[in-house]
Structures are given as structure tokens and as C-alpha cells.
Amino acid sequence: MRKAVLGIVVLLVVTLIVAFYPASVDKPALNGSGPLAVYIDPQYAAPATHSPLDWWQTHHMDVVNRGDLQQTDCLYCHDPEISCNNCHGYVGVDPIVIPTLPITKISSND
Ligand code: HEC
Ligand code: HEC
């Protein structure tokens, strides 16, 4: 009897582990796979600042923090959700937010 109960408990534990085992997610990679993949709209060509790309990947923060380039200028080509923040969230850097411009009423002569 005790063996049967033990058997059921072991089976239950194994089933729960299998059911709730965390699925592995791929690292953020350019045109990679999974929810963290980094995408840039293919209509844009990479600017000269991005060459070589592996230098840019590890130095873009210095260029922006130094003020050589404005963060808002990156957003002409990059959608922050799919091409900045999936990586920033992974490495623990603050998310890039799109600055909201104050809405000004344009006067019209109607
Ligand atoms: C003219 C369009 C354009 C602008 C402006 C631009 N980028 Fe990019 N960026 C790209 C493209 C295209 C790629 C992909 C490069 C490739 O495929 O070789 C890229 C790639 C990157 C990557 C590498 C992503 C990865 O996972 O490998 C980072 C980081 C990046 N850009 C940051 C920035 C930052 C920061 C700025 C602003 C200072 C910026 N970009 C401005 C087009 C742009
Ligand atoms: C492939 C990964 C990756 C992508 C994509 C990426 N970043 Fe980063 N970014 C990093 C890492 C890693 C750091 C932090 C480096 C450090 O702390 O030394 C960083 C830091 C920064 C910083 C400095 C933040 C701080 O608190 O000092 C800025 C600004 C920045 N990134 C802008 C951007 C913008 C804009 C984009 C999208 C156009 C982008 N990054 C896309 C990896 C990425």
C-alpha cells in the first residue's frame, strides 16, 4: 500500500516538473529566433556608424551617452520595442522610450 502511494506521489511530481519546466528562450540576436529576436525594418540600410557591427553592438551606448548622436535619431529606423528593448530587457538596461511631443494646435482659417 505504501509503495503504491509513494509511486503515485513520484509520478505526480514528475508530471508537474515536466508540465511546468521553463522553456528555453533564445538570446536576443539580429534576425534571430524567439521572442527576444532583434528586427529592423529591411527598407533601411545600416548607417556608417554601425560598421563594423560588432563594434557598434558594444559601443553604441558610449556614442549616445557622449552625445555624439542623439537617441531620438536612432528611432527613424529602429522601433524600440523590436530593435532596442528586447535586448535591453535581457541585459538589464533601461528601456528606450519614444519621446512624446507636446500636442500643439495648428491654427486654421476656416
Ligand atoms: C538609417 C537607419 C538607422 C539608424 C538611424 C540607426 N540604425 Fe541601428 N541599425 C540599422 C540597421 C539596418 C541595422 C542592422 C545592421 C545589419 O544588418 O548589418 C542596425 C543595427 C543596430 C544594432 C545591432 C542590433 C543587433 O542585435 O545586432 C544596434 C545596437 C543599433 N543598430 C543601435 C542604434 C542606435 C543606438 C542608433 C542611434 C544612435 C541607431 N542604431 C541608428 C539601421 C539604423
Ligand atoms: C544586441 C543588444 C542591444 C540592442 C539591440 C540595443 N542595445 Fe543599447 N545597450 C546594450 C547594452 C549591453 C548596454 C549596456 C552597456 C553597459 O552598461 O555598459 C546598452 C546601453 C545603451 C545605452 C546607455 C544606457 C545607459 O544607461 O547608460 C543607450 C543610450 C542605448 N543602449 C541605446 C540603444 C538604442 C537607441 C537601441 C535601439 C536603436 C539599442 N540601444 C539597442 C545592448 C543593446
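Structure: see above.
Residues numbered from 1 in each chain as written. Chains lettered and ligands numbered in written order. Predicted model: local features only at pLDDT ≥ 70, side-chain atom pairs only at ≥ 80, totals over all residues.

Some details on the overall build of the protein
No. 1: Regarding its fold elements, the protein presents five helices and zero strands.
No. 2: Secondary structure elements in the protein, listed N-terminal to C-terminal, are α-α-α-α-α.
No. 3: In terms of overall size, the protein is more extended than a compact globule, its C-alpha atoms giving a radius of gyration of 24 Å where 110 residues would be expected to give roughly 13 Å.
No. 4: Along the first, second and third principal axes, the C-alpha atoms of the protein reach 85 × 50 × 25 Å.
No. 5: Residue burial in the protein is summarised as follows: out of 110 residues, 5% are buried.
No. 6: Partitioning the contacts of the protein with sequence separation of at least 6, the portion at a separation of at least 24 is 35%. (Helix = DSSP H or I, 4+ residues; strand = E, 2+ residues; numbered from the N terminus. Rg over C-alpha atoms; globule rule 2.2 N^0.38 Å. Buried ≥ 20, exposed ≤ 12 C-beta atoms within 10 Å, placed from the backbone. Contact = placed C-beta atoms within 7 Å.)

Details of the site of ligand 1
No. 1: Contacts to ligand 1 come from 20 residues, most closely from Leu30, Val38, Leu69, Cys74 and Cys77.
No. 2: Looking at the shell around ligand 1, the elements that each hand over two or more residues are α2 (53–66) and α3 (71–74).
No. 3: Of the residues forming the shell around ligand 1, the biggest block, five residues, is contributed by α2. (Near = placed C-beta within 6 Å.)

Side note on the site of ligand 2
No. 1: Close to ligand 2 lie 18 residues, the nearest being Met61, Val64, His78, Cys84 and Cys87.
No. 2: For the shell around ligand 2, the leading source of residues is α2, giving five residues.
No. 3: Among the residues forming the shell around ligand 2, the class breakdown is 10 nonpolar, seven polar and one charged. (Nonpolar A, V, L, I, M, F, W, Y, C, P; charged D, E, K, R; others polar.)

Quick look at α2
No. 1: The end-to-end C-alpha separation of α2 is 19 Å, in line with the 20 Å expected for 14 residues at 1.5 Å each.
No. 2: Helix geometry: α2 is bent most strongly at His59, by close to 60°. (Expected span 1.5 Å × (residues − 1). Bend = angle between axes of the 7 residues up to and from the residue.)

Points about the environment of Val63
No. 1: As for its placement among the helices and strands, Val63 is situated in helix α2.
No. 2: Separated by 14 residues in the primary sequence, Val63 and Thr49 have C-alpha atoms spaced 9.4 Å apart.
No. 3: Contact partners of Val63, with chain neighbours within four places excluded, come to Thr49, Asp68 and Leu69.

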